[in-house]
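# Per-entry structural report
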Amino acid sequence: MSLARPPLGLVLGALLAVASPGVAQRPSSARSGSGSRAAPAREELPLKYEGPATSAEISASDLMTRLYVFADDSMMGREVGTIYNTKGSAYIEREIRRLGLVPAGDSGGYFQNLPLYNYFADGASSMTIAGRALAMGTDVIPLVRAEQRVVFDGLPVVYGGSLRDSSGWLSSAAMAGRVVVLSVPSSVNAIQYRTVSANARFASAAAVLIVYAERVPAGLRPFFVRQTVFERDAMPPAGVPSAFITTAAAISLFGPMDNLRAGAAGSGIAGSLILHKEQAPARNVVGVIPGSDPKLRGQYVAIGAHNDHIGFTTHPVDHDSLRALNAIARPQGADSPEPARLTQLQLIRLRRAIDSLHARHSARADSIFNGADDDGTGSMSVLEIAEAFASAKVRPRRSLLFVWHAGEEMGMWGSEFYTDHPTVPRDSIVAQLNMDMVGRGAASDVTGETRSGQLTHGGPGYLQLIGSRRLSTELGDLIETVNRKEKLGFAFDYSMDANGHPQNIYCRSDHYEYARYGIPIVFLTTGGHADYHEVTDEPQYIDYPHMADVARLVRDVALAVANLDHRVVVDKPRPDPKGSCVQ
Ligand SMILES: [Zn+2]
């Protein structure tokens, strides 16, 4: 599930420092003071696990085998645009190929590539003015938009005028083959005009340098140096190579800038700027199990999850300390507001919790957002459902469309792209069942908040249903019927589905991209918890039997929808596909 609030820096103080090895205690002789063996916590599953081969039946054991592969540290958090996302999607593809699903991605394969690109400056870029090298990323902030290169040595440098006053700009002829420097009035935010070098006036220039670098907020600079861009629409022309430079760099070119006239010549620049635009790894995985009824197999019940998570951090923390802190002060993980400070009582509880955890484990530096629940559980459940259907003797009447979306965490890129460029006719998708975070929901988990702000908790049979009646009352009713008839024992929590709910869950996962086209959806999730979008979201904390129950429910609902003698009826207004989502 994607984040509702922008991430804030964690200010957790010394408690999160990685404990020195000398402090760590081995778990081998963990005994309480009275001499009795300490009871293992319920969540004491192993850190690493290699399970037996999976079987046709949906089982907790299969899901465990799969999730320990998919959310392993070697997947490095599966962030879209990185090779680690490729690794994750490769596992899924290998499995559905083995299971014999029909490929339904691009050009006869299982993958649908997304138009995702990494924009970044080559590390070999360098700029030197009057013998002083400029620091890339601070003195020079490249504005990358294409594969480009400019070699400055020997190029004339000229002052082109003020960014905001095109009437004062140098003529095209006067800029030809030159490095053009533009100043920026103090009232102007040049970030808004960073694509100015695409203006036809500069087409003949060798490069455009904008005097603004020191005014770019420090937090934004890395974004300019390297960014991943989802080119959902045709991009405007890239223009000539350009960059922000500092006022100090401009002064070393021209001297004082105050009374500079357009056309003034500057001293030379040595070095080169090398800009790259490369296709970034990002792919949906798509497979089909054809239906058995020749009249209905042209229609699809879609089952989905997302294959990406949020990568890793370069600032490791002690896993147990963070977990204890979040359990006490941030029970919804990254969805909880950051506590300004802990109370004395919270500090005491925290110290006790960390001590007890470290009595059982060595301290462990952790920097990988494994995304076991988010959305390892959904992705592996979809696989497990695919395996069950692929092995069944009798196939459902309608076809089943399995889609593992990429880039959900960045704003549902994969599902947006899939629904805009579906590989089966969009109108043939009769419903979409989305699983995102389906492996938790214990009584001790804070699964969300009611509209009025009361915390909700999980428990036996806990499952949140979101959006199940927003387009089709029949779909919502059918899910309840399946639960009752199959005696699955779920207690559905609809509180997160309330109109205007501030947590906005209806708009925070892939199903919405289907719903915007009028396709009835249900979003199934066991909800939030303290490990949400934290490095502590690991396979050892997943409730596999409960997860298997959810997968069975989704299989049964998919079967029921696929075997209906009619399409589930849309009886509610359809949203505007190009409008923004309203919870
Ligand atoms: Zn997420």
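## A word on the pattern of salt bridges
One pass over the full model with this rule turns up 28 salt bridges. A salt bridge links aspartate 293 to arginine 397, with the nearest nitrogen and oxygen atoms 3.0 Å apart. Here aspartate 293, found in the loop between strand E15 (283–289) and strand E16 (300–306), pairs with arginine 397, found in the loop between helix H8 (372–391) and strand E19 (399–405); they are 104 residues apart in sequence, far enough to count as distant. Assessed through its relative accessible area of 14%, aspartate 293 is described here as buried. Residue arginine 397 is classed as partly exposed on the basis of its relative accessible area, which comes to 29%. Where salt bridges share partners, they join Arg66, Glu95, Arg98, Glu384 and Glu387 into one cluster.

## Focus: the coordination of the zinc ion
Met1 (O), Asp374 (OD), Glu409 (OE), Glu409 (OE) and His533 (NE2) make up the full set of protein donors to the zinc ion, lying at 1.7 to 2.4 Å. Between consecutive donor residues of the zinc ion, the sequence gaps follow M-x372-D-x34-E-x123-H. Remark: glutamate 409 occurs in the loop between E19 and helix H9 (413–420) and methionine 1 occurs in the segment before helix H1 (60–70); sequence separation between them is 408 residues. You can call methionine 1 buried: its relative accessible area is 4%. Take glutamate 409: its relative accessible area is 10%, and that puts it in the buried class.

## As for the confidence of the model for the chain
With 93% of its residues at a pLDDT of at least 70, the chain reaches an overall mean of 90. Predicted confidence for residues 5–41 stays below pLDDT 50, and this span has 42 contacts to residues more than four positions away or in other chains.

## Brief notes about the packing of H8 against helix H12 (residues 544–563)
Put simply, H8 and H12 touch, their axes get as near as 10 Å, and they point 55° apart. With respect to their mutual orientation, H8 and H12 come out oblique. Once H8 is placed against H12, the crossing between them reads as right-handed. Residues Thr377, Met380, Ser381, Ile385 and Phe389 of H8 pack against Met547, Ala551, Val554, Arg555, Ala558 and Leu559 of H12. Among the residues forming the contact of H8 with H12, the class breakdown is eight nonpolar, two polar and one charged.

## Let's talk about the environment of leucine 253
Its place among the elements puts leucine 253 in helix H5 (residues 247–254). Classification of leucine 253 as buried rests on a relative accessible area of 4%. Between the C-alpha atom of leucine 253 and that of serine 267, which follows or precedes it by 14 residues, the distance is 5.0 Å. Look past the residues within four positions of leucine 253 in its chain and what remains in contact with it is Ile129, Val157, Val181, Ile245, Gly266, Ser267, Gly268 and Ile269.

What counts, and where the lines are drawn
- Residues numbered from 1 in each chain as written.
- Predicted model: local features only at pLDDT ≥ 70, side-chain atom pairs only at ≥ 80, totals over all residues.
- Heavy atoms only, no water.
- Salt bridge = Lys/Arg side-chain N within 4 Å of Asp/Glu carboxyl O.
- Helix = DSSP H or I, 4+ residues; strand = E, 2+ residues; numbered from the N terminus.
- Buried < 20%, exposed > 50% of the residue type's maximum accessible area, 1.4 Å probe, protein only.
- Donors = N, O, S within 2.8 Å, 3.2 Å for Na, K, Ca; no water.
- pLDDT = per-residue confidence, 0-100.
- Contact = heavy atoms within 4.5 Å.
- Axes fitted to C-alpha atoms, helices over the stretch in contact; angles between N-to-C directions.
- Parallel < 35°, antiparallel > 145°, perpendicular 65-115°, else oblique.
- Left-handed = near helix turned anticlockwise from the far one by under 90°.
- Nonpolar A, V, L, I, M, F, W, Y, C, P; charged D, E, K, R; others polar.

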